[in-house]
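Inside the fold
The lines below spell out each chain.
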Amino acid sequence: MGPRVDVILPCLNEAGALAAVLTQIPPGYRAIVVDNGSTDRSVEIATLHGATVVHAAQRGYGAAVHAGLLAASAPIVAFCDADGSFDMRQLGRVVGPVALGDADIVFGRRVTLTRSAWPLHARIANNVLLWFVRNRMDVQLRDLGPMRAARREQLLELDLHDRRSGYPLELLLRARRAGWRIAEVPVDYLPRVGRSKVTGTVRGTVHAITDMLRMLRRYA
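These lines cover the structure that appears in this document, whether it is placed above or below.

Parameters at a glance
Residues numbered from 1 in each chain as written. Predicted model: local features only at pLDDT ≥ 70, side-chain atom pairs only at ≥ 80, totals over all residues. Heavy atoms only, no water. Phe/Tyr/Trp six-rings, centres within 6.5 Å; stacked < 30°, edge-to-face > 60°. Helix = DSSP H or I, 4+ residues; strand = E, 2+ residues; numbered from the N terminus. Buried < 20%, exposed > 50% of the residue type's maximum accessible area, 1.4 Å probe, protein only. Lys NZ or Arg CZ within 6 Å of the ring centre and 35° of its normal. Patch = residues over 30% accessible without salt bridge, like charges linked within 9 Å, V, L, I, M, F, W, Y side chains within 5 Å. Areas by Shrake-Rupley, 256 points an atom, 1.4 Å probe, with all protein chains shown as cover. Salt bridge = Lys/Arg side-chain N within 4 Å of Asp/Glu carboxyl O. Contact = heavy atoms within 4.5 Å. Core = buried A, V, L, I, M, F, W, Y, C linked by side-chain atoms within 4.5 Å.

With that settled, the discussion passes to the packing of aromatic side chains. In total, this model carries 1 aromatic pair according to the counting rule given. Where phenylalanine 86 meets tyrosine 189, the ring centres are 5.2 Å apart and the plane angle is 50°; that geometry is what we call tilted. Highlighted residues: phenylalanine 86 in the loop between strand S4 (76-79) and helix H4 (91-99) and tyrosine 189 in strand S7 (residues 182-189), separated in sequence by 103 residues. As far as burial versus exposure is concerned, phenylalanine 86 and tyrosine 189 are alike and both buried. Its end group placed over the ring of tyrosine 189, arginine 110 keeps NZ or CZ at 5.2 Å from the ring centre. One cation-aromatic arrangement involves arginine 148 over phenylalanine 79; the distance from NZ or CZ to the ring centre is 5.2 Å.

Moving on: a nonpolar patch on the surface. On the surface, Leu120, Ile124 and Val128 cluster together to form a nonpolar patch covering roughly 280 Å² of accessible area. Its location among the elements puts valine 128 in helix H5 (residues 120-137). Judged by relative accessible area, which is 41%, valine 128 ranks as partly exposed.

Checked against the element boundaries, serine 165 lands in the loop between helix H6 (152-157) and helix H7 (167-177). Apart from the residues within four sequence positions on either side, serine 165 is in contact with Ala208, Asp211 and Met212.

What follows covers the nonpolar core. Nonpolar side chains in soluble globular proteins generally cluster together in the buried interior. Counting residues in hydrophobic clusters, the biggest one holds 37 residues, and the most contacted among them are Val34, Leu144, Leu155, Leu169 and Leu172. Breaking this core down by element, the ones donating at least two residues are strand S2 (29-35), helix H3 (61-71), S4, strand S5 (105-112), H5, H7 and helix H8 (202-219). By residue number, the principal contributor to this core is H7, which donates 6 residues. Leave out the neighbours within four places in its chain, and leucine 172 touches Phe107, Val133, Val139, Leu141, Leu144 and Ile182. Counting residues in hydrophobic clusters, the runner-up holds 32 residues, among them Val5, Ala46, Val187 and Tyr189.

This part takes up unusual backbone geometry. Here the phi dihedral of asparagine 13 falls at roughly 55°; this positive angle occurs in a residue that is not glycine. Looking at the secondary structure, you find asparagine 13 in the loop between strand S1 (5-11) and helix H1 (15-24). Judged by relative accessible area, which is 31%, asparagine 13 ranks as partly exposed. The phi torsion at aspartate 159 lies on the positive side, around 55°, for a residue other than glycine. Residue placement: aspartate 159 occurs in the loop between H6 and H7. Judged by its relative accessible area of 43%, aspartate 159 is partly exposed.

Spelled out as structure tokens, the structure:
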């Protein structure tokens, strides 16, 4: 029997966090680490800890996540950052409603345990984006968080195209159009290990929100 859940972890130079992240993954879950061009020991660490390693040559969050989705084989797929900002032992919170048939996709709503976990500029950008989503698409979601879960076959049927930061929003908007039952559950959000490529800088956040607003204009 194969794994019942594949956990896709997009990775770009996360050697400092990866070992602890992989150690926390629950039994029955298979880690798929998608290397997006790391120059540190990320691939070596992932291999040593028994993860399946996939290489995504095209740079971008969406490119890495989608490469992991194509490599997955379990009926349920979960997604999460590999930077240590989430407690992987809480994956069951987002997987559970999908496995029970109560939801088609579940997003983990980030609950910060310290202020430094979620920079103010990134939190404001997230709130502005979700305001547009709630008002234009009638989706009552409070956080477009990176920890989420859905069934693999349904995800593939959405035929997502974005390969940059707009990928999570395209996923949400296409799921809404397809009539999916969308839910969210609280998950702890911790300070990440190292500096974020996106929320760690105002410039990175601006690029991400620009990608997502472009996606919102296209679908809404």
